[in-house]
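Take a look at the letters that make up each chain.
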Amino acid sequence: MNPPPPLAINPVCPLSFWVDIGPVLLLSTGIPLFMVLFYFYRIHPLLERHRARKWLRLHRPTMHRLLILNYLMGSLDRKLGACRHCDAGRLQLWEHDRRLLVLRCSFCKRNYTLTHQSFPEVRFLLRYMPSLMVVMLRIRKNPDDVLGRRLLEQCRPFTTFLRRDRNKPKGKSG
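Rules used throughout
Residues numbered from 1 in each chain as written. Predicted model: local features only at pLDDT ≥ 70, side-chain atom pairs only at ≥ 80, totals over all residues. Heavy atoms only, no water. Salt bridge = Lys/Arg side-chain N within 4 Å of Asp/Glu carboxyl O. Helix = DSSP H or I, 4+ residues; strand = E, 2+ residues; numbered from the N terminus. Buried < 20%, exposed > 50% of the residue type's maximum accessible area, 1.4 Å probe, protein only. Lys, Arg positive; Asp, Glu negative; His and termini not counted. Polar contact = N/O pair within 3.5 Å; in protein donor to acceptor, adjacent residues only side chain to side chain. Contact = heavy atoms within 4.5 Å. Patch = residues over 30% accessible without salt bridge, like charges linked within 9 Å, V, L, I, M, F, W, Y side chains within 5 Å. Areas by Shrake-Rupley, 256 points an atom, 1.4 Å probe, with all protein chains shown as cover. Charge placed at Lys NZ, Arg CZ, Asp CG, Glu CD. Phe/Tyr/Trp six-rings, centres within 6.5 Å; stacked < 30°, edge-to-face > 60°. Lys NZ or Arg CZ within 6 Å of the ring centre and 35° of its normal.

Draft legend 1. Local environment of the pattern of salt bridges. The tally for this structure, following the rule as stated, stands at two salt bridges. One salt bridge connects Lys79 with Glu121, and the closest N-O pair in it is separated by 3.0 Å. Remark: Glu121 occurs in helix α3 (residues 120-141) and Lys79 occurs in helix α2 (residues 60-80); sequence separation between them is 42 residues. Its salt-bridge partner being Arg138, residue Asp145 comes within 2.6 Å of it at the nearest N-O pair. The two residues Asp145 and Arg138 agree in class, both being buried.

Draft legend 2. Representation of unusual backbone geometry in the model. With a phi close to 65°, Lys109 is a non-glycine residue in the positive phi region. By secondary structure assignment, the location of Lys109 is in the loop between β2 (100-105) and β3 (111-115).

Draft legend 3. A look at the environment of Tyr71. Position of Tyr71 among the secondary structure elements: in helix α2. Along the backbone, Tyr71 and Leu125 are 54 residues apart, and their C-alpha atoms lie at a distance of 9.7 Å.

Draft legend 4. Region of the structure containing the side chain of Glu48. Position of Glu48 relative to the elements: it lies in helix α1 (residues 14-58). Nearest to the buried, unbridged Glu48 among oppositely charged side chains is Arg149, at 4.7 Å. Here the side chain of Glu48 touches Val146 through a polar contact of 3.4 Å, landing on its backbone nitrogen. Once residues within four sequence positions are removed from consideration, Glu48 is found in contact with Asp145 and Val146.

Draft legend 5. Region of interest: a positive patch on the surface. A grouping of Arg42, Arg49, Arg53, Lys54, Arg57 and Arg60 is seen on the molecular surface, where their side chains present a positively charged patch. Within the secondary structure, Arg57 sits in helix α1.

Draft legend 6. The packing of aromatic side chains, seen in detail. As enumerated under the stated definition, the model contains two aromatic pairs in all. Look at Phe34 and Phe38: their rings are 6.1 Å apart centre to centre, the planes differ by 25°, and that puts the pair in the stacked class. Here Phe38 and Phe34 lie together in helix α1, a separation of four residues that amounts to about one turn. Residue Phe34 is classed as exposed on the basis of its relative accessible area, which comes to 55%. On the basis of an interplanar angle of 80° and a centroid distance of 5.3 Å, the ring pair of Tyr39 and Phe40 is categorised as edge-to-face. The ring centre of Trp94 lies 4.2 Å from the NZ or CZ of Arg104, which sits over that ring. Sitting above the plane of the Phe124 ring, Arg123 keeps its charged end 5.9 Å from the centroid.

Here it is, written out as structure tokens:
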């Protein structure tokens, strides 16, 4: 009787298969898996933060105007108070034009149109509105990355307007 060839695997003992082939399988799958995980959990977040800082540095005046918009919207919100109709809702930016600002009650959905002559804040809000459009375009491009989430946080007073604009088809502008 001839002995089995030296490289043949004994079908009776699967343990010998894992002992012989296991280290090779571990190295051939473990190293690429480690590299992929290292990239997604260490390198990719660093690159994302670097891109976010670069965008913020490039658009520093826009971000400064966004802070002014936030302040003006808060000031206008304090002046206007609650909705005159339902006395419960908060007024949020709904639409704007060159000389008009439309606010909408978040509860009863009633619109209030303010002209650039209504309050000084409206005039300044309309002046700085293009900065909000730049930020909205960036948020629309990728809302789930580090920068998109940070910009959404900065645009909290304008969330209804942003959400409404994001749902519009890309060819139309508001």
